[in-house]
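# Observations on chain architecture
Given next are the chains, with one letter for each unit.
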Amino acid sequence: MSDSVPTPSSAAEALRLADRAGAAARRPRPTPRWYGPTLAAGFVVFGIATGQAVAAEQVWLIGVLGGAWGALSGLIGWAGTRGGGVVRRQAPSGLGGPVVLTVLSVLAAMLGAAALAWWAGGGPGWIGAAGGSAGGAVFWMANNALNRRVERLWKAGS
């Protein structure tokens, strides 16, 4: 053991450490763990509410529900990405395509499940619930896949 006083770092070493810290701060981060399930549940509720509005012959309510769901999902998205530090960091390259595929997959799942429920003879409530449930499940799975991709990019940059 040495009783010597630690020597200060050289300027080059201090700059290297500062550069590494800056790179780590800019590295992308995944969304928080609550983000996927929260939006998935929102899709389910939106689907059920839309189906009930059609069943009650209050079709005008679909626009109101869509606007409310859009605003709420935007708020959840803003809170999730800001709180998790996702927005503050630069987006990793190659993530745009998977994000577009996620959106298209959610839409396809919602329409496909709604079509299957309609084909099976379900009423509007069941059709809406099937579409919302399928869209929520696909969103949750796709969000987890995107998070795994971001984590791999994070580790690759370490």
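Please read these numbers as outputs of a predicted model, since none were measured by experiment.

This part takes up the overall build of the chain. Counting its secondary structure elements, the chain contains five helices and zero strands. Of the regular secondary structure in the chain, the N- to C-terminal order runs α-α-α-α-α. A total of 158 residues make up the chain; the buried ones form 30% of that total. The contacts in the chain between residues at least 6 apart in sequence include a share of 80% that link residues at least 24 apart. Element-wise, carbon and sulfur atoms account for 69% of the exposed surface of the chain, whose accessible area totals about 10,000 Å².

Our next topic: the nonpolar core. Proteins that are soluble and globular tend to have nonpolar side chains buried together. Tyr35, Leu39, Phe43, Phe46, Trp69, Ile76, Val106, Ala109, Met110, Val138 and Phe139 form the largest nonpolar core, which has 11 residues in total. Sorting the residues of this core by element identifies helix H2 (35-55), helix H3 (60-83), helix H4 (96-119) and helix H5 (124-156) as the ones contributing at least two each. Looking at which element gives the most residues to this core, the answer is H2, with four residues. Setting aside residues no more than four positions away along its own chain, Val106 makes contact with Phe43, Gly135, Val138 and Phe139.

Structurally, Ala53 can be placed in helix H2. Taking the C-alpha atoms as reference, Ala53 lies 9.4 Å from Gly128; in sequence the two are 75 residues apart. For Ala53, the contacting residues outside a window of four places in its chain are Gln58, Val59, Leu61, Ile62 and Leu65.

Moving on to the side chain of Thr50. Within the fold, Thr50 resides in helix H2. In this structure the side chain of Thr50 is engaged in a polar contact, spanning 2.8 Å, whose partner is the backbone oxygen of Phe46. Not counting residues within four places of it along the chain, the set of residues in contact with Thr50 comprises Ile62 and Leu65.

It is worth spelling out H2 at this point. Compared with an ideal rise of 1.5 Å per residue, which puts 21 residues at 30 Å, H2 spans 30 Å between its outermost C-alpha atoms and is within 8% of the ideal. Turning to H2, its buried residues are Tyr35, Gly36, Leu39, Ala40, Gly42, Phe43, Phe46, Gly47, Thr50, Gly51 and Ala53. Take H2 and look down its axis: the buried residues cluster within an arc of 165°, on one side only. Following H2 by one or two positions, Glu57 adopts a phi angle in the positive range, close to 60°.

Here is what the cut-offs are and how they apply
The written sequence of each chain sets the order in which its residues are numbered from 1. At least 70 in pLDDT is required for a residue's local features to be given in this predicted model, at least 80 for side-chain atom pairs to be given and counted, and no such filter applies to totals for whole chains, interfaces and linings, which use all residues. Side-chain measures were taken over the full set of non-hydrogen atoms in the model, leaving aside hydrogen atoms and water. Helix numbers and strand numbers start at the N terminus; a helix is a DSSP run of H or I with at least 4 residues, a strand a run of E with at least 2. Think of it in three bands: residues with accessible area under 20% of the maximum for their type are buried, residues over 50% are exposed, and the middle band is partly exposed, with areas taken using a 1.4 Å probe on protein chains only. Here, residues are in contact when the closest pair of their heavy atoms is within 4.5 Å. Throughout, the Shrake-Rupley method with a 1.4 Å probe supplies accessible areas, and for residues the shown protein chains are the sole cover considered. What is meant by a nonpolar core is a set of buried Ala, Val, Leu, Ile, Met, Phe, Trp, Tyr and Cys residues, joined one to another through side-chain atoms within 4.5 Å. In the analysis that follows, any N or O atom pair within 3.5 Å is treated as a polar contact, provided that within protein one partner can donate a hydrogen and the other can accept it, and provided that, for residues neighboring in sequence, both atoms belong to side chains. A helix is expected to span 1.5 Å multiplied by its residue count minus one. This arc describes the spread of directions from the helix axis toward the C-beta atoms.

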